[in-house]
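Descriptive structure summary
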Amino acid sequence: MEKLLKLHHLDNVLVLTDDIQAGEHNTCGEMEFYFPRSIDMGHKVAARYIEAGEKIIKYGVSIGFATKMIQMGDHVHLHNMKSEVLPKLINTYEN
Amino acid sequence: MDQMRWKGYLRKDGRKGIRNYVAVVYLCECAHHIATEIANRFKEHPVQLIGSQGCYHSEYAQNILNAVCTHPNVGGVLLISMGCDGVNVRKLEQIVSESGRPVNSISIQKAGGTRMSLSIGVQWVDWCLGIIDGVMKVNMTVEDLIVGTISSGNDATSAMTANPAVGQAVNHLISQKGTVIYAETDEMAGLEGVIDERTTKPELAENLKEYIEKAARDPRVLTYSTIEEECMSLYCQTGDAAICGMIKPAQRPTKPGLFLIDLLFGDQKKAKVPKINVSAKMVDMIASGCHLIICTTGKGSVIGSAIAPVIKICANPMTFIQMRDNIDINAGGILDGDETLEEIGEKIFVGLQFVASGIPSCAEGRGHQEFILH
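By convention here, each chain's residues receive numbers from 1 onward along its written sequence. Here chains are named by letter from A upward and ligands by number from 1 upward, in the order in which they appear as written. Totals for whole chains, interfaces and linings use every residue, but because this is a predicted model, local features are given only for residues with pLDDT of at least 70 and side-chain atom pairs only at 80 or more, for both listing and counting. Values reported for side chains reflect all heavy atoms of the structure, with hydrogen atoms and water molecules removed beforehand.

**A short note on the sheet that holds strand β4 (residues 47-51) of chain B**
All names here are of chain B. Note the cut-off: DSSP calls a pair of strands paired once it identifies at least 2 bridges connecting them. A run of H or I in DSSP becomes a helix once it reaches four residues, and a run of E becomes a strand once it reaches two; helices and strands are each numbered from the N terminus. Orientation is described by lines fitted to C-alpha atoms, with helices fitted over the stretch in contact, and by angles between N-to-C directions that extend from 0 to 180 degrees.
Read from one edge to the other, the open sheet built from 4 strands follows the order β4-β3-β5-β6, with strand pairing classed as parallel. Each edge of the open sheet carries a strand with a single partner, namely β4 and β6 (103-107). Direction aside, the axes of adjacent strands within the sheet are offset by 20° on average. Taken together, the 5 bridges between strand β5 (residues 74-81) and β6 define a ladder with parallel strand orientation.

The following block contains the structure:
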């Protein structure tokens, strides 16, 4: 069963519609992925190679940027992406 | 997508309703029991109980009651007050009367207590039901509809199925000249850029930026990596349309299109108190003219509303199995790959027109009529 869902045609990440076990193969349309580690449902993986500094696109809009290069199929989360707006928001709180 | 056409109720003020209710309205807590007893005598009839706890004057409560009592889904209004209330009963009665609806008010003190008020109220509602039965029926399409979107009890699936599918339905609504009001406006932090691109007027973009700043709060981390992502998981309910404006509760959209509703308490520059009670948010949307409300859920939700039907879209297939009774549309098929976001979006678009045409939603069918002024 396909467990990878593209929410918007512009997206460079896919969401997991089910848990993926370590060592599992899965597909999204024509694209094939291999997952060396397990990833939980609802999390994101890269739909393609993403450069460090590049925007992460989900729902067709930027939800942050890559803090390091991300290979196709890599889990995309706090370890390799960051909010663009949070520092500004924290500034707003403190002022 | 083909447009459906159904019969609605033409009000004397020119607005069209999809339901034809007598609203029994308590204007203070002392009148609550009597109003409930009156409404309970008409369980099989289109009679709904709404009200305010009253006692002190609240401009907010007055505005909302003025708007809800003249909502297009309301045909007639019975007002019940103690006689010493904070709500301006005479003004409310006048507003309803001027809208061309039958209206009556009972002062419990003048009527002579519980039994007399009950008896007068029941007689009047009985009479009013006969009158509103004769209201003129007219054709309606989505062009005549104001649809609200909201969520109640999100989980990780909400972000992948129900919310983006509602966005697709909203796209259909907007492309067919319908009007949509989006309520999850306290969760738009980090979306300034996205929202800016979708607003046509610079002053509106500026207002929205200020609003987002007021509503900003710390992000909760679930499967979301950033606050932008968390906010988008709800905001995707708005689809792709341009934002026409930001309205206050009881203010109505001025033209077809997508509107956001301001649901923050207080006017202070840095107020950070969003309304969190779903029923209270729905009442605000209904006061702003919503004929019906689309409500997504992941963990499950039973809530409905007085005056406007609530349609439940369930994101999580497990929740759907567990709470079938309360779910109108299961968006969970997207997770299994059985259905696409587009297909569920179309189902929602078609389903809401069926409900508009008179078919009861699950919440209506189970008798849910929540109403709170907060």
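**Some words on the domain arrangement of chain B**
All names here are of chain B. Applicable threshold: Delimitation of the domains relies on an automatic or database domain assignment. Contact criterion: two residues are considered in contact whenever any of their non-hydrogen atoms come within 4.5 Å of each other. Accessible surface is computed with a 1.4 Å probe, and the buried area is the amount of it that two parts give up when combined, taken over both parts together. Here a salt bridge means any side-chain nitrogen of Lys or Arg lying within 4 Å of a carboxyl oxygen belonging to Asp or Glu. In the analysis that follows, any N or O atom pair within 3.5 Å is treated as a polar contact, provided that within protein one partner can donate a hydrogen and the other can accept it, and provided that, for residues neighboring in sequence, both atoms belong to side chains. Three classes are used: nonpolar for Ala, Val, Leu, Ile, Met, Phe, Trp, Tyr, Cys and Pro, charged for Asp, Glu, Lys and Arg, and polar for all others, with Gly counted as polar.
Domain annotation of chain B identifies domain 1 (21-134) and domain 2 (142-365). If you look at the interface, domain 1 gives 14 residues, while domain 2 gives 16 residues. For the pair domain 1 and domain 2, the two sides together bury roughly 1000 Å², of which 64% comes from carbon and sulfur. Between domain 1 and domain 2 we count 0 salt bridges in total. Applying the counting rule to domain 1 against domain 2 returns 6 residue pairs in polar contact (both at pLDDT 80 or more). Put simply, the parts of the chain that give the side of domain 1 that touches domain 2 at least two residues each are β3 (21-26), β4 and α2 (59-69). Counting residues per element, the side of domain 1 that touches domain 2 draws most heavily on α2, at 5 residues. Classifying every residue of the side of domain 1 that touches domain 2 by side-chain character gives 10 nonpolar, 4 polar and no charged.

**Re the pattern of salt bridges**
So the rule is basically this: When a residue's accessible area, from a 1.4 Å probe over protein chains only, is under 20% of the maximum for its type it is buried; when over 50% it is exposed; and in between it is partly exposed.
For the coordinates displayed, the defined rule picks out 12 salt bridges over all chains. With a closest N to O distance of 3.3 Å, K55 of chain A and E84 of chain A form a salt bridge. Separated by 29 residues along the polypeptide, K55 of chain A in strand β6 (residues 55-58) and E84 of chain A in the loop between β9 (81-82) and α1 (86-94) bring together distant segments of the chain. K55 of chain A gets classed as partly exposed once you look at its relative accessible area, which sits at 41%. A salt bridge links R19 of chain B to E364 of chain B; the shortest N-O distance between them is 2.9 Å. Taken together, the positions of R19 of chain B in the loop between β2 (16-17) and β3 and E364 of chain B in helix α14 (residues 362-365) put the pair 345 residues apart, joining distant regions of the chain. Each member of the pair R19 of chain B and E364 of chain B is classed as buried. Shared partners join several salt bridges into a network, and the residues in it are K44 and K58 of chain A together with E229 of chain B.

**Things to note about the side chain of N316 of chain B**
Residues and elements named next belong to chain B. By secondary structure assignment, the location of N316 is in the loop between β13 (310-314) and α11 (317-322). Accessibility expressed as a relative area gives 13% for N316, which makes it buried. When residues no more than four places from it in sequence are discounted, the contact partners of N316 are D155, T157, T297 and G298.

**Section: the interface of chain B and chain A**
Counting residues at the interface gives 32 residues for chain B and 31 residues for chain A. Overall, the association of chain B and chain A removes approximately 2400 Å² of surface from exposure, summing both partners, and the carbon and sulfur fraction of that is 66%. The tally of links between chain B and chain A comes to 2 salt bridges. Measuring nitrogen to oxygen at the nearest pair gives 2.8 Å for the salt bridge that ties K44 of chain A to E229 of chain B. On inspection of chain B and its partner chain A, the count reaches 9 residue pairs in polar contact (both at pLDDT 80 or more). Among the elements of the structure, α9 (227-235) and α12 (333-336) of chain B are those that each provide at least two residues to the side of chain B that touches chain A. The element that contributes the greatest number of residues to the side of chain B that touches chain A is α9 of chain B, accounting for 5 residues.

**With respect to the packing of α2 of chain B against helix α10 (residues 278-287) of chain B**
When two helices pack together, you describe them by how their axes are tilted relative to each other and by the distance separating the axes. All names here are of chain B. What counts, and what does not: The scheme is simple: roughly parallel for angles under 35 degrees, roughly antiparallel for over 145, roughly perpendicular for 65 to 115, oblique for anything else. Working rule for handedness: look at the near helix, and if it is turned counterclockwise from the far one by less than a right angle, call the crossing left-handed; if clockwise, right-handed.
With their axes 8 Å apart at the nearest point, α2 and α10 run at an angle of 60° to one another. In terms of their interaxial angle, α2 and α10 are classed as oblique. Two packed elements cross with a definite hand, and for α2 against α10 that hand is left-handed. Contacts between α2 and α10 involve Y60, I64, A67 and V68 from the former and V283, D284 and A287 from the latter. By residue class, the composition of the contact of α2 with α10 is 6 nonpolar, no polar and 1 charged.

**Thoughts on the packing of helix α1 (residues 32-40) of chain B against helix α5 (residues 114-132) of chain B**
Residues and elements named next belong to chain B. Viewed as axis vectors pointing N to C, α1 and α5 meet at an angle of 40°, and their least axial separation amounts to 9 Å. When the interaxial angle is binned, α1 and α5 end up oblique. With respect to the hand of their crossing, α1 and α5 are arranged in right-handed fashion. Here α1 contributes I34, E37 and I38 to the contact with α5, which in turn contributes T114, S117, L118, G121, V122 and V125. Grouping the constituent residues of the contact of α1 with α5 by class yields 5 nonpolar, 3 polar and 1 charged.

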